[in-house]
Amino acid sequence: GIQNFILHSKKIEAFNYLSKFAGLLRIITKSSTEIFIELEREVELLSTYLDLEKLRFRDAFDYTLVVDDNLRNENLRIPSMMIQPVVENAIIHGLSKLKEGQLSIKIQRESDGILCIVTDNGRGREAAIRIANKNKLNHLSVATVNGNERIESLHSLGYAHAKIEIDDLYDGYRPLGTRVRIYLPFK
């Protein structure tokens, strides 16, 4: 994205992108070594990441990020780096190459944690796998593998309700996208 702006002599856009990217790196650097992160910082990370991806994909998708009001200003901590990889998967495998992609992220309270629902109107997992196979790409989703490993780790720490559920959405046989539900405990 930055290279594109520089190549097209869009200095202000390149500067803005670079500033957002630096902010994202700061958040990720702080978060990557922590098992738990403040929900507010996770939401900030997601917002910054999504803004960067919108620039990168030239506004080929829109997103909504909704956090229940009853979760704000409570200094709640959740497992770190669990939501962003799912969002990244939705953008790269579901929405890239679409002209009007839609991504919805909703974070709501559950009894002892949060439920984050990530929904896209992309091509669906089956089509993404077919495209990867056609292009002879290894379609192993690092985000899925890492997410499952993190869930196993949370289970071993006593957080038995942590889980990730993935649903393919259809209209009859026509793919409508993917929905991922992420259940994360509060620390």
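A brief structural summary. Just so it is clear, the model here is predicted, and its values are computed rather than measured.

So, how was this worked out
- Residues numbered from 1 in each chain as written.
- Predicted model: local features only at pLDDT ≥ 70, side-chain atom pairs only at ≥ 80, totals over all residues.
- Heavy atoms only, no water.
- Salt bridge = Lys/Arg side-chain N within 4 Å of Asp/Glu carboxyl O.
- Helix = DSSP H or I, 4+ residues; strand = E, 2+ residues; numbered from the N terminus.
- Buried < 20%, exposed > 50% of the residue type's maximum accessible area, 1.4 Å probe, protein only.
- Pairing = 2+ DSSP bridges.
- Axes fitted to C-alpha atoms, helices over the stretch in contact; angles between N-to-C directions.
- Left-handed = near helix turned anticlockwise from the far one by under 90°.
- Contact = heavy atoms within 4.5 Å.
- Nonpolar A, V, L, I, M, F, W, Y, C, P; charged D, E, K, R; others polar.
- Phe/Tyr/Trp six-rings, centres within 6.5 Å; stacked < 30°, edge-to-face > 60°.
- Lys NZ or Arg CZ within 6 Å of the ring centre and 35° of its normal.
- Patch = residues over 30% accessible without salt bridge, like charges linked within 9 Å, V, L, I, M, F, W, Y side chains within 5 Å.
- Areas by Shrake-Rupley, 256 points an atom, 1.4 Å probe, with all protein chains shown as cover.
- Parallel < 35°, antiparallel > 145°, perpendicular 65-115°, else oblique.

1. Remarks on the pattern of salt bridges
Then step 1. If you walk through the whole model with that rule in mind, you get 12 salt bridges.
Then step 2. Glu 53 is the salt-bridge partner of Arg 56, the closest N and O atoms lying 3.3 Å from each other. In this pair, Arg 56 and Glu 53 are both assigned in helix α3 (residues 39-56), 3 residues apart and thus about one turn of the helix distant.
Then step 3. The exposure class assigned to Arg 56 is partly exposed, which follows from its relative accessible area of 37%.
Then step 4. Across the pair Arg 125 and Asp 168 runs a salt bridge whose closest N-O atoms are separated by 2.9 Å. A residue pair is termed long-range when its members are at least 10 positions apart, and Arg 125 in helix α5 (residues 125-134) and Asp 168 in strand β6 (residues 163-171) qualify at 43 residues.
Then step 5. For Arg 125, a relative accessible area of 37% translates into the label partly exposed.
Then step 6. Here the salt bridges do not stand alone but share partners, grouping Glu 34, Glu 38, Arg 41 and Arg 77 into one network.

2. So, the sheet that holds strand β7 (residues 174-185)
Then step 1. Reading across from one edge, β2-β4-β5-β7-β6 is the order of the 5 strands in this open sheet, with mixed pairing throughout. Lying at the two open borders of the sheet, with one neighbouring strand each, are β2 (61-67) and β6. Pairs of neighbouring strands in the sheet enclose a mean axial angle of 15°, with direction left out of account.
Then step 2. For β2 and strand β4 (residues 101-110), the ladder comprises 7 bridges, and the chain directions are parallel. For Asp 62, the partnering residue across the bridge sits in β4 and is Gln 102.

3. Focus on the packing of helix α2 (residues 11-32) against α3
The relative placement of two packed helices is expressed as an angle between their axes plus a distance between the axes.
Then step 1. Relative to each other, α2 and α3 sit at 145°, their axes nearing to 9 Å. Crossing of α2 over α3 shows left-handed handedness. The segment α2 lies against α3, with Tyr 17, Lys 20, Phe 21, Leu 24, Ile 27, Ile 28, Lys 30 and Ser 31 engaging Arg 41, Glu 44, Leu 45, Thr 48, Tyr 49, Asp 51, Leu 52, Leu 55 and Arg 56.
Then step 2. When its residues are assigned to classes, the contact of α2 with α3 shows 9 nonpolar, 2 polar and 6 charged.

4. Here's the deal with the packing of aromatic side chains
Then step 1. Counted under the stated rule, the structure contains 1 aromatic pair.
Then step 2. Above the ring of Phe 61, the side-chain terminus of Lys 54 is found at 5.8 Å from the ring centroid.

5. Points about a nonpolar patch on the surface
Then step 1. Nonpolar side chains collect at one region of the surface, where Leu 18, Phe 21 and Leu 25 lie side by side and expose about 260 Å² of accessible area between them.
Then step 2. Looking at where Leu 25 falls in the secondary structure, it is placed in helix α2.

6. Some points on the pairing of β7
Then step 1. In this structure, strand β5 (residues 113-120) lies alongside β7, joined through 8 bridges in antiparallel fashion. From the neighbouring strand, Leu 115 faces β7, where its bridge partner is Tyr 183.
Then step 2. In the sheet, β6 pairs with β7 via 9 bridges, with the strands oriented antiparallel. What sits directly across from Leu 169, in β7, is Gly 177.
Then step 3. Connecting the antiparallel pair β6 and β7 is a turn made up of 2 residues, with Gly 172 showing a positive phi of about 70°.

7. Looking at the environment of Tyr 183
Then step 1. Relative to the helices and strands, Tyr 183 is located in strand β7.
Then step 2. Considered as a pair, Tyr 183 and Ile 83 are 100 residues apart in the sequence and their alpha carbons are 10 Å apart.
Then step 3. Apart from residues no more than four positions distant in its own chain, Tyr 183 is found in contact with Glu 110, Ile 114, Leu 115, His 161, Ala 162, Lys 163 and Glu 165.

8. Focus: the packing of α3 against helix α4 (residues 84-95)
Then step 1. The N-to-C vectors of α3 and α4 enclose an angle of 20°; their axes lie 10 Å apart at closest approach. Judged on the interaxial angle alone, α4 and α3 are roughly parallel. In this structure, the crossing between α3 and α4 has a hand that is right-handed. Residues Glu 42, Leu 45, Leu 46, Tyr 49, Leu 50 and Glu 53 of α3 touch α4, and the partners they reach there are Gln 84, Val 87, Glu 88 and Ile 91.

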